[in-house]
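Examining the three-dimensional arrangement
Residues per chain are reported as follows:
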Amino acid sequence: MDKANPIFALLEAKEQEWIALRRDFHSQPELLYDVDRTSERIAGLLESYGLEVQRQVGKHFGKGVIGVLRGSKPGKTILLRADMDALPIQEQNEVDYRSSIDGFMHACGHDAHVTMLLAAAYGLSRFREELAGEVRFVFQPAEEGAAESPLDGRLLSGGRDMVESGAADGISAAFAFHVWPGLPVGEVAVHRKYAMAASSHFQVSFRGRSGHHGAQHLAADALLMAAHFVIETRAAVASAVNPFEPVAFAFGRLQAGTVINAIAESGAVEGTYRAFEPDTVERIRSIIEQSAASCAERFGGEAQTRFRMGKALLNAEKAVELVQRAGVNVFGSDKSSVLEQPSLAGEDFSYYLNQAPGAMVLIGVGNKDKGIVHPLHHPQFDLDERALVLGAKLHVQIVLDTFAGGLNG
């Protein structure tokens, strides 16, 4: 196969179909693990391409989809991942494919990730006789957050559920894409080492005793526990972390009390923190636990902490080199770059990279001339849809280069 040109031509010829598919997913966003419509649409398309399809993947939630494409000869097994879930954001774009569900929106480009991967699956499936290896197309739920496992109560994201359920067992390499509005359409980038931080979520619940404001000594004020926890924990984290090490720590929700003239019986604080080094991730977790217990005890109450622990996304050196070469082939020599500074965003693709070398790749989708300038998670986020075919081509090129020995050495 000459540089995958037959597949590229096939993908280009069907560009309007990929755009229509992306818009269909965009108009019907689903959150976290509630992705039944999206996953069934994906599974049906994969079956129509002739792939072996596994539905309801994930021993905790059972909402993932895997399509397996086996070449005519044995070889490496490459995993390509796309995420399916949207965000609880009200879309503000005035386009005919805007979200049809109030309060839900594909504001992080997962609709594009799914479309790129489906297009790549279609293209590769038409040339399976020329492939020497297996491609595992993984579509996961709940990249944007976590939910309590019905099996063991842990807070789990979709990537962790999929990996713990064997989705990445036996693979030789793993790759995933993320659309990136900071890059103009027609450009691609990959981080040299760390790509994204370990994004860990925490929930702290305080339990006190309700009482009358005129008899505060008989109560235990959960509002005070929560308020002191917010101030003291922020200060403790700032003091405990090396100032030269990138860390982001922030609170997202604080709730306590039900009425103006009664002591709050319960309170809750939620937030996230992001870091790269495993020791720092664990140190901050310990600070949160100790601070919650101390603040609760001081005011006569109790605290309970829960975490969804993140893991930093670390690209493999050989995978970065392979992606950069593939990017030159697809995008051009001056449009494929390697980045040194990582992002403090989080990505649970990191769990797949525990199983095999690989990389997260950033696909440019910005276009200032068209007003496509808004960042991820913005209610006016959109993307230049020319990126869909480019992303699909890059998936194909990465597969072919990996099969050809691109990760050896």
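Quick summary incoming for the structure in this document. In this text, all values refer to a predicted model and were calculated from it rather than measured experimentally.

Here is what the cut-offs are and how they apply
- Residues numbered from 1 in each chain as written.
- Predicted model: local features only at pLDDT ≥ 70, side-chain atom pairs only at ≥ 80, totals over all residues.
- Heavy atoms only, no water.
- Helix = DSSP H or I, 4+ residues; strand = E, 2+ residues; numbered from the N terminus.
- Rg over C-alpha atoms; globule rule 2.2 N^0.38 Å.
- Buried < 20%, exposed > 50% of the residue type's maximum accessible area, 1.4 Å probe, protein only.
- Contact = heavy atoms within 4.5 Å.
- Areas by Shrake-Rupley, 256 points an atom, 1.4 Å probe, with all protein chains shown as cover.
- Lys, Arg positive; Asp, Glu negative; His and termini not counted.
- Charge placed at Lys NZ, Arg CZ, Asp CG, Glu CD.
- Core = buried A, V, L, I, M, F, W, Y, C linked by side-chain atoms within 4.5 Å.
- Salt bridge = Lys/Arg side-chain N within 4 Å of Asp/Glu carboxyl O.
- Pairing = 2+ DSSP bridges.
- Axes fitted to C-alpha atoms, helices over the stretch in contact; angles between N-to-C directions.
- Polar contact = N/O pair within 3.5 Å; in protein donor to acceptor, adjacent residues only side chain to side chain.
- Expected span 1.5 Å × (residues − 1).
- Arc of directions from axis to C-beta.
- 1 Å grid on protein atoms, 1.4 Å probe; cavity = no way out; pocket = protein on both sides within 12 Å on 5 of 7 lines; lining within 4 Å.
- Points joined across faces, edges and corners; volume = space filled by probe spheres on them.
- Phe/Tyr/Trp six-rings, centres within 6.5 Å; stacked < 30°, edge-to-face > 60°.
- Lys NZ or Arg CZ within 6 Å of the ring centre and 35° of its normal.

1. Let's talk about the overall build of the protein
When helices and strands are tallied, the protein shows 9 helices and 16 strands. Here the protein has a C-alpha radius of gyration of 23 Å; the compact-globule value for 409 residues is 22 Å, and the two agree. Dimensions of the protein, computed from C-alpha atoms along their principal axes, come out at roughly 80 × 45 × 45 Å. Buried residues in the protein amount to 54% of all 409 residues. Of the contacts formed within the protein by residues at least 6 apart in sequence, a portion of 80% connects residues at least 24 apart. When the accessible surface of the protein is totalled, it reaches about 17100 Å², and 49% of it is carbon and sulfur. Between the centroid of the 39 positive side chains of the protein and the centroid of its 51 negative side chains there is a distance of 3 Å.

2. What to know about the nonpolar core
Membership of the largest hydrophobic core comes to 71 residues, with the highest contact counts inside it found for Leu118, Phe137, Phe139, Phe175 and Leu394. In terms of residue count, helix H9 (residues 387–403) provides more of this core than any other element does, 11 residues in total. In this structure phenylalanine 139 touches Ile42, Leu46, Gly64, Val65, Ala82, Met84, Val114, Leu117, Leu118 and Met162, once residues within four positions along its chain are discounted. In this structure, Ala197, Val241, Tyr273 and Ala275 belong to the second largest nonpolar core, which totals 30 residues.

3. Quick look at the pattern of salt bridges
Inspection of every chain in the model, using the stated rule, returns 28 salt bridges. In this structure, arginine 70 engages glutamate 134 in a salt bridge whose closest nitrogen and oxygen atoms are separated by 2.7 Å. One end of the pair, arginine 70, is in strand S2 (residues 64–70); the other, glutamate 134, is in strand S4 (residues 132–140), with 64 residues separating them in the sequence. What makes arginine 70 partly exposed here is its relative accessible area of 42%. We classify glutamate 134 as buried; its relative accessible area is 13%. In this structure, arginine 81 engages glutamate 347 in a salt bridge whose closest nitrogen and oxygen atoms are separated by 3.0 Å. Separated by 266 residues along the polypeptide, arginine 81 in strand S3 (residues 73–83) and glutamate 347 in the loop between strand S15 (343–346) and strand S16 (358–366) bring together distant segments of the chain. Comparing arginine 81 with glutamate 347 shows no difference in burial state: the two are buried. A single salt-bridge network, built from bridges that share partners, covers Arg22, Arg23, Asp111, Asp382 and Glu385.

4. Structural notes on the sheet that holds strand S8 (residues 188–191)
Within a sheet, neighbouring strands are paired by backbone hydrogen bonds and run either parallel or antiparallel to one another. Spatial strand order, S1-S2-S4-S3-S7-S16-S8-S14: 8 strands in an open sheet with mixed pairing. Each edge of the sheet is formed by a strand with only one pairing partner; in this case those strands are strand S1 (52–57) and strand S14 (336–339). Across the sheet, the mean angle separating the axes of adjacent strands is 25 degrees when strand polarity is ignored. Pairing of S2 with S4, which is carried by 6 bridges, proceeds in the antiparallel orientation. In the strand pairing of S4, valine 65 is matched with phenylalanine 139. Sitting on the sheet, helix H3 (residues 36–48) touches S1, S2 and S4, and the angle it makes with S1 is about 165 degrees.

5. Digging into the side chain of aspartate 161
Locating aspartate 161 in the fold gives a position in helix H5 (residues 158–164). The side chain of aspartate 161 sits in the buried core without any salt bridge; lysine 59 is the nearest counter-charge, 7.1 Å away. Separated by 3.1 Å, the side chain of aspartate 161 and the backbone nitrogen of phenylalanine 61 make a polar contact. Contact partners of aspartate 161, with chain neighbours within four places excluded, come to Tyr33, Gly58, Lys59, His60, Phe61 and Gly62.

6. Some words on H3
Compared with an ideal rise of 1.5 Å per residue, which puts 13 residues at 18 Å, H3 spans 18 Å between its outermost C-alpha atoms and is within 8% of the ideal. Within H3 the residues assigned to the buried category are Thr38, Ser39, Ile42, Ala43, Leu45 and Leu46. With its buried residues spanning 165 degrees around the axis, H3 presents them on a single face. Looking one or two residues beyond H3, the residue adopting positive phi is glycine 50, at roughly 90 degrees.

7. Structural notes on the layout of surface pockets
For the largest pocket, the calculated volume is near 610 Å³. Together, 28 residues line the largest pocket, and Glu144, Gly145, His201, Thr272 and Arg274 are the ones closest to its centre. Top element by residues in the lining of the largest pocket is strand S9 (residues 194–207). It accounts for 5 residues.

8. A closer look at the side chain of aspartate 221
You can see aspartate 221 is positioned in the loop between S9 and helix H6 (222–240). At a separation of 2.9 Å, a polar atom in the side chain of aspartate 221 contacts the main-chain amide nitrogen of leucine 223. Once you skip the residues sitting within four places of it in the chain, aspartate 221 turns out to touch Ile263, Ala264 and Phe299.

9. Some remarks on the packing of aromatic side chains
Within this structure, the stated rule accounts for 12 aromatic pairs. Both rings, one in phenylalanine 202 and one in tyrosine 273, keep their centres 6.5 Å apart while their planes meet at 35 degrees; by these two values the pair is tilted. Residue phenylalanine 202 is located in strand S9, and its partner tyrosine 273 is located in strand S11 (residues 266–275); the two are separated by 71 residues in the primary sequence. Judged by relative accessible area, tyrosine 273 falls into the buried class, the value being 0%. Three or more aromatic residues link up through ring pairs in this structure, and these residues are Phe202, Phe206, Phe229, Phe249, Phe251 and Tyr273. Above the plane of the ring of tryptophan 18 lies lysine 14, whose end atom (NZ or CZ) is 5.8 Å from the centre.

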